[in-house]
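# Descriptive structure summary
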Amino acid sequence: EPEVTQTPSHQVTQMGQEVILRCVPISNHLYFYWYRQILGQKVEFLVSFYNNEISEKSEIFDDQFSVERPDGSNFTLKIRSTKLEDSAMYFCASSESLAGTSGRTEHFGPGTRLTVL
Amino acid sequence: AQRVTQPEKLLSVFKGAPVELKCNYSYSGSPELFWYVQYSRQRLQLLLRHISRESIKGFTADLNKGETSFHLKKPFAQEEDSAMYYCALSRGTGFQKLVFGTGTRLLVSP
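Procedures and definitions
Residues numbered from 1 in each chain as written. Chains lettered and ligands numbered in written order. Predicted model: local features only at pLDDT ≥ 70, side-chain atom pairs only at ≥ 80, totals over all residues. Heavy atoms only, no water. Contact = heavy atoms within 4.5 Å. Buried area = accessible area lost by both parts, 1.4 Å probe. Salt bridge = Lys/Arg side-chain N within 4 Å of Asp/Glu carboxyl O. Polar contact = N/O pair within 3.5 Å; in protein donor to acceptor, adjacent residues only side chain to side chain. Helix = DSSP H or I, 4+ residues; strand = E, 2+ residues; numbered from the N terminus. Buried < 20%, exposed > 50% of the residue type's maximum accessible area, 1.4 Å probe, protein only. Pairing = 2+ DSSP bridges. Axes fitted to C-alpha atoms, helices over the stretch in contact; angles between N-to-C directions.

## Topic: the interface of chain A and chain B
Contacts between chain A and chain B engage 24 residues on the former and 21 residues on the latter. Contact between chain A and chain B buries roughly 1900 Å² in total, counting both sides, with carbon and sulfur atoms accounting for 54%. In this structure, R43(B) and E3(A) form a salt bridge, with 3.4 Å as the shortest nitrogen-oxygen distance. Across the chain A-chain B interface, the total number found is six residue pairs in polar contact (both at pLDDT 80 or more).

## Comments concerning the environment of Q64(A)
All names here are of chain A. Mapped onto the secondary structure, Q64 falls in the loop between β6 (53-57) and β7 (65-68). Judged by its relative accessible area of 26%, Q64 is partly exposed. Taking the C-alpha atoms as reference points, Q64 and K78, separated by 14 residues in sequence, lie 7.9 Å from one another. When sequence neighbours within four positions are dropped, the list of residues in contact with Q64 reads K78, I79, R80, S81 and K83. From its side chain, Q64 meets the backbone nitrogen of S81 in a polar contact 3.1 Å long.

## Brief notes about the sheet that holds strand β1 (residues 5-7) of chain A
All names here are of chain A. Strand order in this open sheet of four strands is β1-β3-β8-β7, and the pairing throughout is antiparallel. The sheet terminates laterally at β1 and β7, the two strands that pair on one side only. Ignoring which end each strand starts from, the neighbouring axes of this sheet average 20° apart. The pairing of strand β3 (residues 19-24) with strand β8 (residues 75-79) spans five bridges and is antiparallel. Directly across from R22, in β8, lies its bridge partner T76.

## Some points on the sheet that holds strand β3 (residues 19-21) of chain B
Residues and elements named next belong to chain B. Here we have three strands laid out as an open sheet, ordered β3-β8-β7, and antiparallel in their pairing. On the outer flanks of this sheet lie β3 and β7 (60-61), each paired with one strand and no other. Pairing geometry for β3 and strand β8 (residues 72-74), over three bridges, is antiparallel. Bridge assignment links E20 to a residue of β8, and that residue is K73.

## A short note on the pairing of strand β6 (residues 45-49) of chain B
Residues and elements named next belong to chain B. Where strand β5 (residues 32-38) meets β6, four bridges bridge the pair, whose relative direction is antiparallel. Residue pairing across strands places W35 opposite L48, the latter belonging to β6. In textbook terms, the turn of a hairpin is the stretch between consecutive antiparallel strands, and for β5 and β6 this stretch comprises six residues, one of which, R41, has a positive phi near 60°.

## Comments concerning the pattern of salt bridges
In the structure shown here, the tally under the stated rule is eight salt bridges over all chains. Across the pair R36(A) and D86(A) runs a salt bridge whose closest N-O atoms are separated by 4.0 Å. With a gap of 50 residues between them, R36(A) in strand β4 (residues 31-37) and D86(A) in the loop between β8 and β9 (88-95) connect regions that are remote in the sequence. The two residues R36(A) and D86(A) agree in class, both being buried. Across the salt bridge formed by R91(B) and E56(A), the nearest N and O atoms sit 2.9 Å from each other. Residue R91(B) is found in the loop between β9 (83-90) and β10 (99-100), and its partner E56(A) is found in strand β6; the two belong to separate chains. Owing to a relative accessible area of 25%, R91(B) belongs among the partly exposed residues under this scheme. Here the salt bridges do not stand alone but share partners, grouping R36(A), E44(A) and D86(A) into one network.

## Focus: the environment of P110(A)
By the element assignment, P110(A) lies in the loop between β10 (106-108) and β11 (112-116). We classify P110(A) as partly exposed; its relative accessible area is 36%. Considering only alpha carbons, one finds P110(A) and C92(A), 18 residues apart in sequence, at a separation of 8.0 Å. Residues contacting P110(A), with those up to four places away along its chain left out, are V4(A), T5(A), Q6(A), M89(A), F91(A) and R43(B).

This is the structure we're talking about:
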């Protein structure tokens, strides 16, 4: 069964540095998402992406964050200048077309643990 | 605003005992409700959603709009059910974000 993949599994960075988290969604999926989970807290929505543009973003997704689908297979999350509070597990997800009555299912990647020192 | 509440952080039961993981939500519209499960060192995966009205791995969940609840139930817990369970809501069907609860860790002891 195809799966969403994410790299790296763990990223350690210094405060103020830029990081790029990478995701390869399932190949025929059209909708892409980033979520994050700070240790001990709930999974929180960051951003959704469809047809090469952001569909929705949360309050967390400020100007320091950006997303891109550079080559038709990868989906990246960039944090321009990391802060200590950006330390979290970042999950990528993708979902298929909405056609039909079964509703969409979001398939999650294994996550990237980002540690900001 | 949408909110999902899972009041129990940890639920510990013995194998063969019934299990009920509680989930309450607040949303003024018609939500779509989901249960996601995360086994140890694995990714989040969909367990079931209310729109399908199906039973997966013996688990069922019924949407109660009057009580705004979507509790997850299983009559006889198995050790392999031990995992983190997240209730989630989206604003109806379609391309909508998921709002998660804080999760309940289910621990099934032999």
